[in-house]
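# Coordinate inspection notes
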Amino acid sequence: MNIYSVLLSAVLLGVGGPVCALQDTAKVPATAKTTTTAATSITCGTGLPPVSINFSSAVPYDLKTFSNQLTVDCFAWSEFVSLNWPTSGTGFGDPGDTAPVQWQSYMDAGLLFPSDGSTPPPWGSQPALPENCASQAKLTASSKRMRVFSMTGKTDSPFSTGQAAPQNAPNWLGAQNGSNAWYEITVSQDEYNYVVNNGLYNANTQASYVNNGQGSPVVLPKGCSTELGQTCPNGSMLGAVEMKAAWMEAPDYGSNPKWSRYKITEGLVIDPSTQQCRQTNLALVGLHILHKTTNQPTWVWATFEHIDNVPTANVPAPSGGYNFYNANCQTQTFSVPAACTTQGGSGTVPVTVSCTANQSPPYYLGQGCPKPAPIQVTRTTQLDSNAQTANQTVQNGIRQNYPNSVWQYYQLVDVLWSTNPTQDPSKPYAVPHPLTSMTSGSGGLVANTTLETYVQNTTCTSCHEYAAIAPKTATCPPASSGGNSGSCSSDFSFLFGQVGPAQANVLGLKRIFKTH
């Protein structure tokens, strides 16, 4: 087993905070100790009643009424606040607090969906760090409980943490400080339980489960709350949540004041050039929150970024500079080993990293290949007025109640949802998964500059409607007459397509670790 396979299973899982139902107007006491005068909640939006965003670890199970974009944006913010609530209880977004937040205590996708189809470890497992990595990073026994991030290099592993697109080409993202972005996915306990209880971490079991369309469909659990008047067959629950995060290295953390505006985590990365583990600090720059709920069975697709990633219209540049944009960008041309390019071969070839925005890099990262070069990034679709209103409301609320919190420097980009969602199927059917009445603040184009850098002209579901289970031999009937039989839908989650031991679905593998 190579170092990638070992390390991808060695991600630290923290201790989870409580998760409970949240009404539109519920009041849940805050637990942060940053200040004794902090409010327990703020109101946001124009719904009747408006959304109550509670300063607590209580993740909302659902929204009573998905009535308009602003209300949905406020719901997304309520999820962001609670999912980023500290597990340590030391304060909400205190600068310098590297302890895990709630979503970081969720199960790592690589542990839940192992490539060999073996049984996942129990919820909350904290696998030991491989000794070779610990020794390379010169860790002590007390510091081995640390998050591990895989390299973004040239690999055909389904666990590659590069972006989803472009496929079959370099898709890493170089920051202006000369490092590359790192990615991870975690899932909620309700999703974990569904997968484990049904054996869907194994491709052979997946095939038997759907039985070529005659068995049961893969339908992940929906968030449901009796307090919202919903009928919940299994009781109130959070439902399936998938968190997809982008981090950039912060090597000068501690000396550069810019990092006081970021959520920081201590981690280990596999250096692309040396293939050695090294310890570093990483700053959160992008976050997807995907939540399947009773009122949104085709999921709520929310995405957030740090405000300093790229320029925003009518907003001054940050004093510390942008993370992925340089107003004085200079085109770089240099030679790289031909083996580091998509063409392959021997010898060296010239490549050019241009200042044209949102162009994927011309070479792979890896041993013998160049270090990451900064990639020029811009936002192709500006934040809509509803997102701006929700951002201003919540950022001001955080600033007033937690003046030093790093979370005031994050912003909602957009939320994709349905005004008339397709209901869950009773029988398995083929991809694409049916969708109806999908909408967002930007009119459908929802993209994060750190997670969909090179495909900002698309949206989440344009890929995820093709998410399928792993076995290529499993065939399901079309969802509607006139369609074609094909790979069986996995309820919009590409995670099911990465498992073994049966041959995996190529489409799922190519798009798995990073997302829309």
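Scroll up a little and you will see the structure.
Cut-off values and rules
Residue numbers here run from 1 along each chain, matching the order of that chain's written sequence. Only residues with pLDDT of at least 70 are given local features in this predicted model, and only at 80 or more are side-chain atom pairs given and counted; all residues enter the totals for whole chains, interfaces and linings. Side-chain calculation: all heavy atoms of the structure are included, whereas hydrogens and water are not. In this scheme Phe, Tyr and Trp rings, the latter by its six-membered ring, pair at centre separations within 6.5 Å, and the angle between planes marks the pair as stacked below 30 degrees, edge-to-face above 60, and tilted otherwise. Burial classes follow relative accessibility: with a 1.4 Å probe on protein chains only, a residue under 20% of its type's maximum area counts as buried, one over 50% as exposed, and anything between as partly exposed. As used here, the term nonpolar core means buried Ala, Val, Leu, Ile, Met, Phe, Trp, Tyr and Cys residues forming a set that is joined through side-chain atoms within 4.5 Å. Counting from the N terminus, the helices are DSSP H or I runs at least four residues long and the strands are E runs at least two residues long. Each cavity reported here is a set of points on a 1 Å grid over the protein atoms alone in which a 1.4 Å probe fits but cannot get out, each pocket an open set with protein on both sides within 12 Å along at least five of seven lines, and each lining residue one with an atom within 4 Å of a point. Grid points are joined across faces, edges and corners, and a volume is the space filled by probe spheres set on the points. Each axis is a line fitted through C-alpha atoms, and for a helix only the stretch in contact is used; angles between axes span 0 to 180 degrees, taken between their N-to-C directions. Here a crossing is called left-handed whenever its near helix is offset anticlockwise from the far helix by less than a right angle, and right-handed whenever the offset is clockwise. Residue contacts follow a heavy-atom distance rule, with two residues in contact if any of their heavy atoms lie within 4.5 Å. Gly counts as polar in this scheme, as do all residues outside two lists: the nonpolar Ala, Val, Leu, Ile, Met, Phe, Trp, Tyr, Cys and Pro, and the charged Asp, Glu, Lys and Arg. Here, strands pair whenever DSSP counts at least two bridges between them.

## Focus on the packing of aromatic side chains
- For the structure on display, the rule yields 24 aromatic pairs.
- For the ring pair Tyr322 and Tyr325, a centre distance of 5.9 Å and an interplane angle of 75° mean the geometry is edge-to-face.
- We classify Tyr325 as partly exposed; its relative accessible area is 22%.
- Geometrically, the ring pair formed by Trp407 and Tyr410 is tilted, given 5.1 Å between the ring centres and 45° between the ring planes. Accessibility assignment for this pair places Trp407 and Tyr410 in one class, buried.

## Topic: the nonpolar core
- Residues Trp77, Trp103 and Trp407 are the most contacted members of the largest nonpolar core, which totals 73 residues.
- Sorting elements by how many residues they give to this core places helix 2 (residues 69–83) first, with 9 residues.
- Leu111, Ile185, Cys488 and Phe492 belong to the second-largest nonpolar core, a separate cluster that totals 34 residues.

## Concerning empty space enclosed by the protein
- A full pass over the atoms with the stated rule returns 6 cavities of 30 Å³ or more.
- When its volume is computed, the largest cavity comes out at roughly 110 Å³.
- Along the walls of the largest cavity sit 17 residues, with Gly93, Asp94, Asp97, Lys263 and Trp407 positioned nearest its centre.

## Description of the packing of helix 2 against helix 7 (residues 385–401)
- Where helix 2 meets helix 7, the axes come as close as 9 Å, and the angle between the chain directions of the two elements is 35°. In the crossing of helix 2 with helix 7, the sense of the turn from one axis to the other is right-handed. Contact residues: Gln69, Leu70, Asp73, Cys74, Trp77 and Val81 in helix 2; Asn386, Ala387, Thr389, Ala390, Asn391, Val394, Gln395 and Ile398 in helix 7.
- When the residues that make up the contact of helix 2 with helix 7 are grouped by side-chain class, the tally is 8 nonpolar, 5 polar and 1 charged.

## Regarding the pairing of strand 8 (residues 277–291)
- Burial of strand 8 is extensive: 13 of the 15 residues sit out of reach of the surface.
- In the sheet, strand 6 (residues 241–249) pairs with strand 8 via 9 bridges, with the strands oriented antiparallel. For Glu242, the partnering residue across the bridge sits in strand 8 and is Leu290.
- With 7 bridges joining them, strand 7 (residues 264–270) and strand 8 adopt antiparallel strand pairing. When the sheet's bridge partners are listed, Ile270 is paired in strand 8 with Cys277.
- Hairpin connection from strand 7 to strand 8: 6 residues lie between these consecutive antiparallel strands, with Gln275 at a positive phi of about 65°.

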